[in-house]
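# Examining the three-dimensional arrangement
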Amino acid sequence: MQRNVGATEYASIDRRRFLRGSAAALALPCLPSLGRVPVSPAAGSGIKRFVCVYFPDGVPMPLREDPAFQEWSWFPHGSGRDFQLTKVLDVLEPLRSDMTIVSGMSHPAVRAVHGHSNADQFLTGADTGAVGQYRNSISLDQLFAAHLGEATRYSSLVMSTDGGTGTPRGAHTVSFDRKGRAIPAEHRPRQIFESLFVHRDGDAARRAAVSGSALDDLLADARSLRSSLSEHDREAFEEYLDAVRETEQKMERAKRWQRIPLPKVDGHGLDLEVGMDAPRAYFQTMLDLVHLAFRTDSTRVATYQVGRENGVGHSDHLAKAVGFPLAHQLSHDTKNPGGWKNFGIYCRFLAEEVGRFAQKLKDTPEPGGDGSMLDHTLILFGSASSAFHLSRNYPLVLLGGKSMGFRHGQYLNFIGDDAFGGSWNGGTEPWQREFDKDDVPLAKLYVTMLQKLGVETDPFAGVTGGIDGL
Amino acid sequence: MPPPLMLDTTTLRRIAAVLCAGTLSLPAQSEIQDAPSSLDEIRRQGAQKSRYLAPEAGTPEPDAASGPDLEGFARDIEPILRRSCYECHGPDEDEGGVRLDEMDPDFFAGEDVDWWLDVLAVLTNGEMPPVDGPKLADEDRARVIDWLSLETQRASTNRRASRAHSSFRRLTRYEYDYALQDLLGVSYDFAADLPPDPASEDGFRNSSETLHIAGSQLRTYLDAGRRALELATVTGDRPTPLQWSVSMRDLAAREWDGQDQQLDKVRKQHEGDPAKAQEEVDKLLARFRNPPGGTWFEDAASGRKARQSWGYNGASYARKPSEELVDLPAPSDHVAVVTPNSSLIVELGDRVPERGPLRVRFRASRADGDGRAPRVRLMFGWQASNDSRSLIEVSEEDVVVDALPDAPAVYTFEVPISRIYPRNLVRGVHKLGDLPSPSEYIRLAHAGGTSSPVRIDHVEITAPAYDTWPPASHTRIFPDRKPNEGEQKYARRVLEGFLPRAWRRSVTKQEITQKLALFRRVRAECESLQEALVEVLATTLASPNFLYVTASDRKEGQAEGAAPLTDAELATRLAVFLWCSVPDDELLALAAEERLHEPEVLAAQVARMRADPRARRFAHHFVHQWLNLELLEFLQVDRKLYRNFDAKLKAAMLAEPVAFFDELLRADRSVLDVVHADFAVVNERLATHYGFEGVEGDDFRVVPVPANAPRGGLLTQAGILAMNSNGEDSHPIKRAVWLMERILNDPPPPPPPAVPEIDLADPEIAKMTLKQRLEDHRNHAACMSCHSKIDPWGFAFENFDAVGAWRSEVRGQPVDASGTLFNGQTLDGVDGLKRFLLGDRQDQFVRGMVEKLATFALGRPLVFEDRAALDRITAEVRRNGDGLATIVTTLVQSDLFRSR
């Protein structure tokens, strides 16, 4: 499936071509639409990218008999190629032929855990539990990034609105490394921009030599301290040693990239200071940065957690973009008059911005290749809960990636007609209930996605076999 | 503390029975009826119920060696539980999932200790059995509480000696920042690039449980450390300072030109009609004499005024600097008049240097002789294009312009340029005059708060304005190199000076040798000696020896829990606790002499540290984390409903709890003042909000709470009430849960993750007040048991709206601020709540305060093993009057603080 091309060699040839072609365009990061570019799926640059946009707190799931069912259900009505988008996702209609909506999938391990704890495992499928001991595993994006090796300067871009790692079961990031440790997400546009495009050191070769010695020295310090620690502390301290090793690897990578100049991008036209006082602009800027990182081929992997679960935090204010004070509250207020609609309007806003981002990729011809950048980029847009805190039937949208062989324009409706929905009536919460029928394990989809991304992995998160029809 | 007494269990139990007796009077309905008149009186009476204060309450070391008292449990306790509890929590029913008959009464090795602690709490608080349940006689209750308390103490002491509980952790983001600033003597936000730290469940951000380090972080530490050292040190000769000497005469010239052009235009328009022309000219001249508002220039001679104009385009307002330093010229008759909340802008072009001090002097006076003196702050900004701009306040404190109109004085700001962020992005890329514009500016901004404008006639900006060269921050790291001193020798001297300060302990020869080896490797890559040394020192600042606090190295054969800290570790723990930073030279010297642990020395150091300005960080960070003031930072208030809510009020709300805490700490006031105090710490904006009179200005100060004002203490502070509302209306549940978690230290059972769903579609319900809705909701059996424990605490605050202002009506109905707790206790309004807390819950509150401070001080979650120590601290604190500073001192002197 995957052509066995030496990643480095291949990437460097392509990059030079790419940079020449794009330097002028980069001065204007916010390009007007370039119009439709003819797609020829047969050929292609071979470049594959992945981005995950995760949002918290589930989606509107009014009951069938509810007047809001027709208009404000998140999931479309129908199935297969015959489906109608509701008002929540109709903003994605122009991208219909580039997308697949999926219902009835979830990770099995934490189906009985409250939805607020489950952003952590969305991309990992790990059994992160409800209380006590916490263990996670590598996330899909990082697996793909590892597969790409050093094809790009940076292995991945990890972002969230709330920043940092958050806490176990309260993650502020959806990316986890090989040891299952949270990778801190960056939340400030300027820092993201500068980390991608601004040179910090004049003399990179010298810097690398000095840093190499420094890291050796830190390792010596760490080992000597470690020997004096108790067993309990030693375990906690392990992560420092790992940090030294990881920094070493990154440095090695940077060293190999030294000779290739950074793409010239001035941040002009991007509002890098934007914050939660302008939530829509902030959301757009974050996705624009992904677009920019992809266009400059600085990386081919990105994750963006739109918000932490359970409200409280910067991200809760994103709802101001559509005139509501707090986002998380909307998922609770669905029983109030107009509640489904309000929640739906918010989810629609998220879909609209992701759609705008996808459209932008679609309007950008793939540099040095065929088709649009969207054809070479797989977008996963979703959440780890559906109805009120229920960790089943994840709302999922796949966009783009046609050149990888995705057959889009469909609704893979695994849940059928009996999706659990409705407002919470104050009794047992949906996540505490017993269910007769189980969802399809989401990792099946992930296996298919990874395979189309060129990663021969099976199983993922202990689940084997992909899914048909995609 | 008395030497430990060895007593047999029976004697101990007898003592404990006496200790607990005070808590037994079932909460105090009887007392409410003949309620004493003042809260002070209630507070005095409440103290008499304290088990910590009971005359017999020596706190003997409980005998932990004899193991669990299972026999006593079977003989004395189980029969009581069987009679009064098993009906609902036994074989037939497991109400709330609790079955007492299945819980293991072994506190030493059993796994049900947490459940037993809940049992102890509900019995002590009189919450069980329920009013309509089986009876539990007072003496039986006493016997159970007594047994549980003692068993808890014994087991906790026993477990402490044998179990690991670690405070080993890295510095938090803010501690790292302060540590570099204090160590190097430079001001900068060194933590800017570090990811935010997560908060633990109880809100603390310095917990060993939650502080991790990610791969990408190490690089950030290395970069930030190098950046810090580069900012602290200098190379080469003293840089030539640039000076912008700007008279208002010069600055105004452009505006006069503009006015002259307008005059010319009018004259030209009416060329044929001299009378008309004169009339129009006179009209204009009259207009030019009117104060235009904002910031304007004034020519005293002619009385002419013109508003200051500014535009970023083409940098046409930029002033040219000179390399020659000149004295301030004599005062001129041209002034700029800066009215409240407006500012004078001086554009500087693109030559403001990268670093060094930026000094701004300006000659000014107040425009009015009476009233409050105006204040001025320094802002720094730039605008590159339409959508790319920045304007930030860079002065740390306002300057008070107190000079009278006829005697202007010179005022000075000095800020490190390195602290200014962000600088103009296109500086050095685009030419001055081009777009996007690389130019930058300063603003002298009137801080408001008085009606008097500021008059300025001259502004002088100098940068970099070094007083000494090299600056002290440099020589502290790099002393003068002696003649003929070899590089290796000098490097060793630098390391020997720097490392003990950075690592907060003496360093071994081997460690120095290791760093010298690094120096040799790095030296080969660097052009200069200093550059190489900066690299080496930066490495020591990313070392775990700098980044981690309280290493837990233990001596062979010593139980971990009991191992005392070394003096050096104690110095670090103290500094991290009270300064959120690293120890200073005095602490390190005492630690090196191994004297710091001596009780008098330690007490003296705590007193010194409390008086140091760095102790403000403790107040700030502890209060923010303890109270979760983040809720207030994130609060959005509906401005349509609360028109008088503004940024200034919000800022004052955020500052009040910290200022209040600071006052308790400064004056060692009783922490019961948190519940109620007869004073408040407010500034003018808050005083206005509260309806207090006679408070002027932005500074916080202590004022008496006026008679009959429903304020005093922390619970009724506007910010606390507002942040536990939803921006539109009060929120009794949020307020109640917050109170239980943060103040009573008794979090409600894991709340349903949902705000209760209330059927607003039901027209009957839509008409109700929020309180009525909640009561309606509470009538559902499923919700009842939790909510009756929670809601009344919140109802008591119903007289306060969503911005914490007093109200007597809500939705046209009179406020009903009363509620009845599960145990039958009535809480009637905030006064009733205060009465209850002061009368019946003093021990719980003080003990809670001790726990919160201990959690913060140790940087780890408290565990069962700590309970005995916390009880001892609380007893001592209570005996000494509950002062906040007393808690801090007692805590620092305790074994808990002084061991790992």
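Residues numbered from 1 in each chain as written. Chains lettered and ligands numbered in written order. Predicted model: local features only at pLDDT ≥ 70, side-chain atom pairs only at ≥ 80, totals over all residues.

### Regarding the overall build of chain A
For the record, the criterion: Helix and strand definitions follow DSSP, with helices as H or I runs of at least four residues and strands as E runs of at least two, each counted in order from the N terminus. Counting other C-beta atoms within 10 Å of a residue's own tells you its class, since 20 or more makes it buried, 12 or fewer makes it exposed, and anything in between is partly exposed; those C-beta atoms are placed from the backbone. By definition, residue pairs are in contact when their C-beta atoms, positioned from the backbone, come within 7 Å.
Looking only at helices and strands, one finds 10 helices and 13 strands in chain A. A buried classification covers 55% of the 470 residues belonging to chain A. Look at the contacts in chain A between residues 6 or more apart in sequence, and 69% of them connect residues 24 or more apart.

### Points about the overall build of chain B
A count of helical and extended segments in chain B gives 33 helices and 20 strands. Of the contacts made within chain B by residues no fewer than 6 positions apart, 74% connect residues no fewer than 24 positions apart.

### Focus: the interface of chain B and chain A
Basically, it comes down to this: Side-chain classes follow a simple rule in which Ala, Val, Leu, Ile, Met, Phe, Trp, Tyr, Cys and Pro form the nonpolar group, Asp, Glu, Lys and Arg form the charged group, and the remainder, Gly included, forms the polar group.
With 52 residues of chain B at the contact, the number on the chain A side is 52 residues. Listed by contribution, the elements that provide at least two residues to the side of chain B that touches chain A are α9 (215-232), β9 (388-393), α14 (509-523), α15 (529-542), α16 (544-547) and α28 (781-795) of chain B. Here the element with the most residues in the side of chain B that touches chain A is α9 of chain B; it accounts for six residues. For the side of chain B that touches chain A, the residue count by class is 24 nonpolar, 16 polar and 12 charged.

### Considering the sheet that holds strand β12 (residues 410-413) of chain A
Residues and elements named next belong to chain A. Quick note on the threshold: The pairing criterion for strands is at least two bridges between them, as found by DSSP. Every angle, taken between N-to-C directions, lies between 0 and 180 degrees, and every axis is a line fitted to C-alpha atoms, over only the stretch in contact when it is a helix.
The sheet built from seven strands is open, its strands ordered β6-β9-β1-β10-β11-β4-β12 with mixed pairing. A strand with exactly one partner marks an edge of an open sheet, and here the two such strands are β6 (157-160) and β12. Shown here is a sheet whose adjacent strand axes are inclined to one another by a mean of 15°, direction ignored. Sheet topology note: the β6/strand β9 (residues 301-305) ladder contains four bridges and is parallel. Opposite Leu157, over in β9, you have Ala302 as the bridge partner. Lying on the sheet, helix α7 (residues 279-295) is in contact with β1 (49-54), β6, β9 and β10 (377-382); it crosses β9 at an angle near 175°.

### Quick notes on unusual backbone geometry
The omega angle of the peptide bond from Leu435 of chain B to Pro436 of chain B is -10°, so this bond is cis rather than trans. For Pro436 of chain B, the location among the structural elements is in the loop between β11 (409-416) and β12 (440-446). Of note, the bond from Ala463 of chain B into Pro464 of chain B is cis; its omega dihedral lies within 30 degrees of zero at -5°. Phi is positive for Asn310 of chain A, which is not a glycine, with a value near 70°. Residue class for Asn310 of chain A comes out buried when judged on the 20 C-beta atoms lying within 10 Å of it. For Ala461 of chain A, which is not glycine, the phi torsion reads 50° and is therefore positive. With respect to the secondary-structure elements, Ala461 of chain A resides in the segment after α10 (442-452).

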